[in-house]
Amino acid sequence: LPFKLSDLLARVAELNQLAGDGCGQVVPGSGLPLGRVLHTPEPVRCTIFEDGLQLHRGPPRPFGDPVVESILRDMLDGFFPGPLKKEFPEGVPIKVIDRTRESYKGALAPMNPHAYGQSNGGGGGGGKGSGSNVHSFHDLESEESAPIHRDKFLAKLPVSVIKNGKVVDVRGGIGGLMKGP
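Summarised in this report is the structure supplied together with it. This one's a predicted model, so the numbers in the text were calculated from it and none came from an experiment. (Residues numbered from 1 in each chain as written. Predicted model: local features only at pLDDT ≥ 70, side-chain atom pairs only at ≥ 80, totals over all residues. Heavy atoms only, no water.)

### Quick word on the overall build of the chain
Formally: Elements are defined by DSSP. Helices are runs of H or I of four residues or more, strands are runs of E of two residues or more, and each kind is numbered from the N terminus. The criterion used for residue contact is that any of the two residues' heavy atoms lie within 4.5 Å. Note on areas: Shrake-Rupley with a 1.4 Å probe; residue coverage comes only from the protein chains shown.
Scanning the chain from terminus to terminus reveals six helices and eight strands. Along the chain direction, N to C, the helices and strands of the chain fall in the order α-β-β-β-β-β-α-α-β-α-α-β-β-α. Taking the intrachain contacts of the chain between residues at least 6 apart in sequence as the baseline, contacts between residues at least 24 apart amount to 51%. On the chain, roughly 12,100 Å² of surface is accessible, and the fraction owed to carbon and sulfur atoms is 54%.

Encoded structure:
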C-alpha cells in the first residue's frame, strides 16, 4: 500500500465523528403514530484493495490513478473525499473495508456469470445458494440492507435525550411502540 492503513483508519474515524456517525436525527415520517422517525446516516464504503481502492458507488481503481490519489490525499489530510462532496455536502460517515489481500481487479468480475456464458458458476462471484464462498459487491449490498432485529436496532438508539429541559426516554418509548400484539 502507498500509505499506512492505520493512518487512514485514524483519519476516517475523525471524519466520521465530524459527520455525526452513530448520531440520529429525528425527521418527519409518514404512517407512524408520532409522525417522526429517527434517521441515522448510512456510511458509504471505501474498500481498500492490495492494489487499488473503491469509494461508494464508483468503480474500483488502481493506486496511481489521479482520482484515487486525490481521494487518499483528501482523507489522509483530514478532509472528506472530493467525489463525495456533491452528494453529501454536509459530510457522511465512511466505512473502510479492508480487502488488502485481494486485487481490485476481482471487484471488476461480472456480477451475472450467465451473461458471459459461464453457467458453471466460475468467474462471476457466487451468491446465496451458489455454494461458493466468493461474493460480489451486489451480494454484500443486499445482505446489509436486510432488516435488523428489534434489540439490535434499539441498541443503536440513545437511552435518553434532553429536550426542552426534560429527559425523554428514547429507547424505552420506541421499544414500546415496536412491541407486537
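This is not the end of the story, as more comes after the structure.
### Brief notes about the sheet that holds strand β4 (residues 52–55)
Put simply, the rule is: Pairs of strands are assigned from DSSP output, requiring at least two bridges between the strands. Between N-to-C directions, angles cover 0 to 180 degrees, with each direction set by a line fitted to C-alpha atoms, over the stretch in contact for helices.
Spatially, the four strands line up as an open sheet ordered β5-β4-β3-β6, and their pairing is mixed. Only two strands of the sheet have a single neighbouring strand rather than two, namely β5 (61–62) and β6 (94–99). The sheet contacts of helix α1 (residues 5–18) involve β3 (44–49) and β6, and relative to β6 the element is tilted by about 160 degrees. Along the sheet, helix α2 (residues 66–76) makes contact with β3, β4, β5 and β6, crossing β4 at roughly 75 degrees.

### Some thoughts on α1
The test is simple: In this analysis, the expected span of each helix is defined as 1.5 Å times one less than the number of residues it contains. Note on classification: 1.4 Å probe, protein chains only; a residue is buried when its accessible area is under 20% of the maximum for its type, exposed when over 50%, partly exposed between these limits. Along the arc lie the directions from the helix axis toward the C-beta atoms.
Spanning 14 residues, α1 covers 20 Å between terminal C-alpha atoms, matching the ideal 20 Å at 1.5 Å per step. Among the residues making up α1, those that are buried are Leu-5, Leu-8, Val-12, Leu-15 and Asn-16. The buried residues of α1 all sit within an arc of 100 degrees when viewed along its axis, so they share a single face. Those residues of α1 that are exposed and aimed more than 90 degrees away from the buried face are Gln-17 and Leu-18. Contacts made by the buried residues of α1 are with β3, α2 and β6. Positive backbone phi, approximately 80 degrees, marks Gly-20, located one or two places after α1.

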